[in-house]
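Single-letter residue listing:
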Amino acid sequence: AKAQLSAHVDAAMALDAGARAIAAQREAAAARGVTARSLTPLPPAVSGSARTDFAGPREVREFDAELALPLWLPGQRGALSGTVTANVEERERALALRRLEVAGALRDAWWNAAEAARMVQLARERLSSARTLSGDVGRRAQLGDIPPSEALLARNEV
């Protein structure tokens, strides 16, 4: 029964929009960990430009080339790594809490369904008893043992 309950909670979690949103936030937070593990905080960049000037007595050409390689500041990588770890753990706790909420809602739904099934069974038993009683009272009324109004009351109960 415990494995069955766990399977049902897993299925409900797969359908729950709140749980899927929390899981996506957890994955987004974990993805930032790639930056913390990289060699540089930002990707390297290469750029260049060329310019030609004809304003003077002769043609002047100018070329510029640039290579940018960002560096981690002291403590920056550790701070980012700590933030990523904290965010992932926070999302894990939120997901565990959401799992408990979904399990509670599932448990309530199961109990409500079980209660409704029991109420249907009880109503069927009462109907069967009322029909049996109505038949007995109707026969007794036909025999003149009891007044016909008693048979009407029994039929009304059905």
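Residues numbered from 1 in each chain as written. Predicted model: local features only at pLDDT ≥ 70, side-chain atom pairs only at ≥ 80, totals over all residues. Heavy atoms only, no water.

### So, the overall build of the protein
Next up, step 1: When helices and strands are tallied, the protein shows 5 helices and 2 strands.
Next up, step 2: Each helix (α) and strand (β) of the protein, taken in turn from the N terminus, gives the series α-α-α-β-β-α-α.
Next up, step 3: Considered along the principal axes of its C-alpha atoms, the protein spans approximately 135 × 40 × 20 Å.
Next up, step 4: Put simply, the protein has 158 residues, and 16% of those count as buried.
Next up, step 5: When the accessible surface of the protein is split by element, carbon and sulfur atoms take 59% of a total near 12100 Å².
Next up, step 6: Considering the protein, the positive charge centre built from 21 side chains and the negative charge centre built from 19 side chains are found 4 Å apart. (Helix = DSSP H or I, 4+ residues; strand = E, 2+ residues; numbered from the N terminus. Buried < 20%, exposed > 50% of the residue type's maximum accessible area, 1.4 Å probe, protein only. Areas by Shrake-Rupley, 256 points an atom, 1.4 Å probe, with all protein chains shown as cover. Lys, Arg positive; Asp, Glu negative; His and termini not counted. Charge placed at Lys NZ, Arg CZ, Asp CG, Glu CD.)

### Observations concerning a negative patch on the surface
Next up, step 1: Together, Asp 53, Glu 62, Asp 64 and Glu 66 give the surface a local cluster of negative charge.
Next up, step 2: Inspection of the secondary structure puts Glu 62 in strand S2 (residues 60-68).
Next up, step 3: Classification of Glu 62 by relative accessible area gives partly exposed; the value is 37%. (Patch = residues over 30% accessible without salt bridge, like charges linked within 9 Å, V, L, I, M, F, W, Y side chains within 5 Å. Salt bridge = Lys/Arg side-chain N within 4 Å of Asp/Glu carboxyl O.)

### Some points on the packing of helix H4 (residues 76-143) against helix H5 (residues 148-157)
Next up, step 1: Across the interface, H4 lies against H5 with an axial gap of 8 Å and an inter-helix angle of 165°. With respect to each other, H4 and H5 are oriented roughly antiparallel. H5 is crossed by H4, and the crossing has left-handed handedness. Here Arg 126, Ala 130, Ser 134, Val 137, Gly 138 and Ala 141 of H4 lie close against H5, whose contacting residues are Pro 148, Glu 150, Ala 151, Ala 154, Arg 155 and Glu 157.
Next up, step 2: In the contact of H4 with H5, the residues fall into 6 nonpolar, 2 polar and 4 charged. (Axes fitted to C-alpha atoms, helices over the stretch in contact; angles between N-to-C directions. Parallel < 35°, antiparallel > 145°, perpendicular 65-115°, else oblique. Left-handed = near helix turned anticlockwise from the far one by under 90°. Contact = heavy atoms within 4.5 Å. Nonpolar A, V, L, I, M, F, W, Y, C, P; charged D, E, K, R; others polar.)

### Points about the nonpolar core
Next up, step 1: Judged by nonpolar contacts, Val 9, Met 13, Ala 19, Ile 22, Leu 95, Val 102 and Leu 106 together constitute the single largest core of 7 residues.
Next up, step 2: Elements represented by at least two residues in this core include exactly helix H1 (2-15), helix H2 (17-31) and H4.
Next up, step 3: By residue number, the principal contributor to this core is H4, which donates 3 residues.
Next up, step 4: Each residue touching Val 9, except ones within four places of it in the same chain, is listed here: Arg 99, Ala 103 and Leu 106.
Next up, step 5: The next biggest cluster of nonpolar side chains, apart from the first, holds 5 residues, and it includes Val 137, Ala 141, Ala 151 and Ala 154. (Core = buried A, V, L, I, M, F, W, Y, C linked by side-chain atoms within 4.5 Å.)

### Considering the pattern of salt bridges
Next up, step 1: Within this structure, the stated rule accounts for 9 salt bridges.
Next up, step 2: Close ionic contact of Glu 90 with Arg 91 constitutes a salt bridge, the shortest N to O distance being 3.9 Å.
Next up, step 3: Between Asp 145 and Arg 140 there is a salt bridge, with its nearest N and O atoms 3.0 Å apart.
Next up, step 4: Within this structure, Asp 16, Arg 98 and Glu 101 form a network of salt bridges that share partners.

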